[in-house]
Amino acid sequence: MKVFRLKTFQFSDKPTSGLDQASSLEDGLLTNHNPLHYHLHHIGKSPSSTCRRCHLRPETSDHFLF
């Protein structure tokens, strides 16, 4: 089974702890503001919202987690 790692986005030059990064990732997954194709397509940064793995459904937080 492949494990996909999500890149976290940093909006400041201030170093953050691992806990801050994990919290930021959780917030992104809950709000759908994250580096998944669904959000990236919504903001015009990805040509498609389709899942990178299954290529069948939109890559939303729910689809990614479950």
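A brief structural summary.

Analysis parameters
- Residues numbered from 1 in each chain as written.
- Predicted model: local features only at pLDDT ≥ 70, side-chain atom pairs only at ≥ 80, totals over all residues.
- Heavy atoms only, no water.
- Helix = DSSP H or I, 4+ residues; strand = E, 2+ residues; numbered from the N terminus.
- Buried < 20%, exposed > 50% of the residue type's maximum accessible area, 1.4 Å probe, protein only.
- Polar contact = N/O pair within 3.5 Å; in protein donor to acceptor, adjacent residues only side chain to side chain.
- Contact = heavy atoms within 4.5 Å.

**Describing the environment of G28**
Counting through the fold element by element, G28 comes out in helix 1 (residues 18–31). By relative accessible area, G28 is classed as buried at 6%. Separated by 33 residues in the primary sequence, G28 and S61 have C-alpha atoms spaced 8.6 Å apart.

**Structural notes on the side chain of S61**
Structurally, S61 is set in helix 3 (residues 61–65). Under the relative-accessibility criterion, S61 is labelled buried at 3%. Within the structure, S61 has its side chain in polar contact with the side chain of N34 (distance 3.0 Å). Aside from chain neighbours lying at most four places away, what touches S61 is G28, L29, N32, N34 and L36.

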